[in-house]
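Next come the chains, spelled out residue by residue.
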Amino acid sequence: MVPRYLINFNSDKLDKITTDVVVVGSGVAGLSAALEISKQFDVALVTKGELKETATWYAQGGVATAISPEDSPKLHLKDTLEAGAGLCDRKAVDVLVSDASDRIGELIGLGAEFDWQGDRIGLSREGGHRLARILHSGDATGSEIEATLIRTANAWRSVQVFEHRFALDIVVDGGRCAGVVCLDEKSDRLVLHLAKAVILATGGAGQLYSVTTNPVISTGDGMAMAYRAGAVLADMEFIQFHPTALDEDSMPRFLITEALRGEGAYLRDCRGERFMLGRHPLAELGPRDIVTREMIRATQRCGGGPVYLDATHIPKDILEEHFPTIWKHCREHGIDISKDLIPVRPAAHYTIGGVKTDLDGRTNIPDLYATGEVACTGVHGANRLASNSLLEGLVFSKRIIEAIKTRLTTGEESSIQDVKLGFKMARSKLDLDFKKERRWLQKLMMDYVGVVRSESGLRHAMGELKKRDEVLKAEFSNPAGFELQNMFLVAGLVMRAALEREESRGAHYREDYPEASDGWIRHLEHRFVEETIAG
Ligand code: FAD
Ligand code: SIN
């Protein structure tokens, strides 16, 4: 039993802000959507940290786009479908690859700088891509894109930005999404953002795991909010692990981009052997799920020690020039990547499932849209192809805005009504150490719902989570508590889906069902039904 809202409220007593559109989240998906809609309509953008506190900022490798003469959207589509292991929505992938170069052109128009090689944009290669098609800005592509979008938002002054404003829940009134209830952390007051359309762009849920490349903001809030409001979530069992995070004790783990393997770096086990040879025709550049599982096997053969990325045969000037962030970070950790092996381990990296949308980002709740990592557009299937997600945010945010513009200009839209809503439920106040609870959940997920899963492990994890059920029902008053509740909710959905899918496919591997099964070429969906709503 999960309460419909995280907090009790009475809409009459809340501060209210009304705009045509509200965007929640300031990564590539949210910022690009907000900028585009602001050309014509009023928009408020709320984000729980500072603008740049996003997964987008950390993106390294780049953006996949078929621009070289040897490449084509068709080939990009082929690689995406192959990585997706039978579960991609072909129409969504078609949209992704066809709209890619226009979206990149617009980004360059805003001032984003990608690396050039001579008179052409330089392209690198990553796992699952048959040829070089990744546009990049050194190994810090995400921060280049995010900084460009923030600079544009500051220059245009057309987006009302609300930082440190935590979105708690989506308000549904008369069967349509009417706004978002937020906690303004600066004033500690609840604010109701009312709008004709709400766009969720809250990113993924990598923080469910103790070893992750995701920043602390990636707690699955948007998925939890949408679920509580009655939106359909899909493909939650597919959590992608990135094979090569630096093996250091940090949260988040520092990523060593796949582009380094694209440049020729090898994976070696503790005996120095290249264990990917013979395991996949693309060796180190095979799909992430395959490389990740082989790494775990190699680690086990080595008695639990790390495996290594070996870039020592790549010329030093290339390493320094193409991978300056990695060069510097490793240097600070005593590793000279031109001479030393880099210890690496897999880390939770990308939430493939999420809020189910159509090709224009619509959810099943009228006027609620989702874009970026929070969404499940169907482009990634069971396993996301590297460097397709920044692109997904750009492409689908643009389509959402076109859909909203049509709706708002054809007079079809409802005017913004002042909602009269409230939620009241008696709840216990738990005195919890939120950090400790979060770590407990992250370890549980890592141990039993990670790269290799089994029925017994998943049932154990579900049992342990159930014992802490009171967390979901309690009343908290700060973001750490709300995030914990969202994480508990989303973790439960991942566990349920992982238990239900009795096969191995893409990012979901069950040691008790190690093969893919044709009967499972279908999607698992979750929806919060009325009977489970408390209060
Ligand atoms: P994010 O960029 O995560 O932004 C989410 C926003 O929502 C944040 O502003 C956050 O504060 C806000 N938010 C969340 N919850 C709330 C709430 N309750 N209230 C208010 N605001 C909220 N992909 C690629 O395509 N290429 C790459 O090279 C690449 N490299 C990566 C490297 C790393 C280390 C990581 C972690 C990911 C990488 N990815 C890459 C994946 C990609 O970065 C993300 O999928 C993408 O940036 C997600 O963008 P987004 O806008 O959906 O979410
Ligand atoms: C990387 O640079 O290896 C990450 C690319 C991605 O996750 O898409």
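Just so you know, these numbers come straight off a predicted model, no measurement behind them.

Engineer: Looking at this model, I keep getting lost on the site of ligand 1. Mind explaining?
Structural biologist: By nearness alone, 38 residues border ligand 1, and Thr56, Gly62, Asp221, Glu373 and Ser389 come closest of all. Note that an oxygen atom of ligand 1 is positioned 2.8 Å from one of the side-chain N or O atoms of Ser26. Relative to its unbound accessible surface of 1000 Å², ligand 1 loses 98% to contact with the protein. Elements represented by at least two residues in the shell around ligand 1 include exactly helix 1 (28-37), strand 12 (165-173), helix 5 (221-229), strand 20 (342-351) and helix 10 (389-409).

Engineer: Hey, could you run me through the site of ligand 2 in this one?
Structural biologist: Residues in contact with ligand 2, as listed here, are Gln60, Gly61, Glu126, His242, Leu255, Thr257, Glu258, Arg288, His349, Arg384, Ala386 and Ser387. Within the side chain of Thr257, one N or O atom sits 2.6 Å away from an oxygen atom of ligand 2. One nitrogen or oxygen atom from the side chain of His349 is found 2.7 Å from an oxygen atom belonging to ligand 2. Notes on ligand 2: free accessible area 250 Å², of which the protein chains cover 93%. In terms of residue class, the shell around ligand 2 is built from two nonpolar, six polar and four charged.

Engineer: Whenever I open this one, the environment of Glu82 confuses me. Can you help?
Structural biologist: Structurally, Glu82 is set in helix 2 (residues 73-83). Along the chain, Glu82 and Asp269 lie 187 residues apart, while their C-alpha atoms are 27 Å from each other. At 2.8 Å, the side chain of Glu82 and the side chain of Arg130 are in polar contact.

Engineer: Sorry if this is basic, but what is going on with the sheet that holds strand 18 (residues 266-268) here?
Structural biologist: One key point about sheets: their strands pair by backbone hydrogen bonds, in either a parallel or an antiparallel sense. The strand order across the open sheet formed by four strands is 17-20-19-18, and the pairing between neighbours is antiparallel. In this open sheet, the two edge strands, each paired with only one partner strand, are strand 17 (239-246) and strand 18. The sheet shows a mean angle of 45 degrees between the axes of neighbouring strands, taken without regard to direction. Relative to strand 20, strand 19 (residues 307-310) is paired through three bridges, and the arrangement is antiparallel.

Engineer: Is there a simple way to think about the state of the cysteines in this case?
Structural biologist: A complete count under the given rule lists one disulfide for this structure. Between the sulfur of Cys270 and that of Cys302 lies a disulfide, 2.0 Å long from S to S. Linking Cys270 and Cys302, the disulfide has an S-S dihedral of approximately -95 degrees and is accordingly described as left-handed. Taken together, the residues Cys270 in the loop between strand 18 and helix 7 (288-301) and Cys302 in the loop between helix 7 and strand 19 connect sequence positions 32 residues apart. Cysteine Cys88 is unpaired, with the sulfur of Cys376 as its nearest cysteine sulfur at 10 Å. Under the relative-accessibility criterion, Cys88 is labelled buried at 16%. The thiol sulfur of Cys177 is not disulfide-bonded, and the nearest other cysteine sulfur, from Cys182, lies at 11 Å.

Engineer: What is the right way to read the side chain of Glu294 from this model?
Structural biologist: Inspection of the secondary structure puts Glu294 in helix 7. Reaching out from Glu294, the side chain makes a polar contact with the side chain of Arg297 at a distance of 3.0 Å.

Engineer: Hey, could you run me through the packing of helix 3 (residues 90-109) against helix 10 in this one?
Structural biologist: Two numbers describe a pair of packed helices, the interaxial angle and the distance between the axes. Viewed as axis vectors pointing N to C, helix 3 and helix 10 meet at an angle of 90 degrees, and their least axial separation amounts to 8 Å. Considered as vectors, helix 3 and helix 10 are oriented roughly perpendicular to each other. For the pair helix 3 and helix 10, contact is made by Ala92, Val95, Leu96, Asp99, Ala100, Arg103, Ile104, Glu106 and Leu107 and by Leu391, Glu392, Leu394, Val395, Phe396, Lys398 and Arg399, respectively. Across the contact of helix 3 with helix 10, the residue classes tally to 10 nonpolar, no polar and six charged.

Engineer: What should I look at first to understand the sheet that holds strand 14 (residues 189-194) in this one?
Structural biologist: Taken in spatial order, the four strands make up an open sheet running 3-14-13-12, and their pairing is mixed. With one partner strand each, in any of the chains shown, strand 3 (15-18) and strand 12 form the two edges of the open sheet. For this sheet, the mean angle separating the axes of adjacent strands, direction not counted, is 25 degrees. Of the strand pairs in this sheet, strand 13 (residues 176-184) and strand 14 are connected by six bridges, and their pairing is antiparallel. Following the sheet pairing, Gly179 is matched in strand 14 by Leu194. Those strands touched by helix 14 (residues 479-500) are strand 12 and strand 13, and its axis lies near 55 degrees from that of strand 12.

Thresholds applied
Residues numbered from 1 in each chain as written. Chains lettered and ligands numbered in written order. Predicted model: local features only at pLDDT ≥ 70, side-chain atom pairs only at ≥ 80, totals over all residues. Heavy atoms only, no water. Near = heavy atom within 4 Å. Polar contact = N/O pair within 3.5 Å; in protein donor to acceptor, adjacent residues only side chain to side chain. Areas by Shrake-Rupley, 256 points an atom, 1.4 Å probe, with all protein chains shown as cover. Helix = DSSP H or I, 4+ residues; strand = E, 2+ residues; numbered from the N terminus. Nonpolar A, V, L, I, M, F, W, Y, C, P; charged D, E, K, R; others polar. Pairing = 2+ DSSP bridges. Axes fitted to C-alpha atoms, helices over the stretch in contact; angles between N-to-C directions. Disulfide = S-S within 2.5 Å. Buried < 20%, exposed > 50% of the residue type's maximum accessible area, 1.4 Å probe, protein only. Parallel < 35°, antiparallel > 145°, perpendicular 65-115°, else oblique. Contact = heavy atoms within 4.5 Å.

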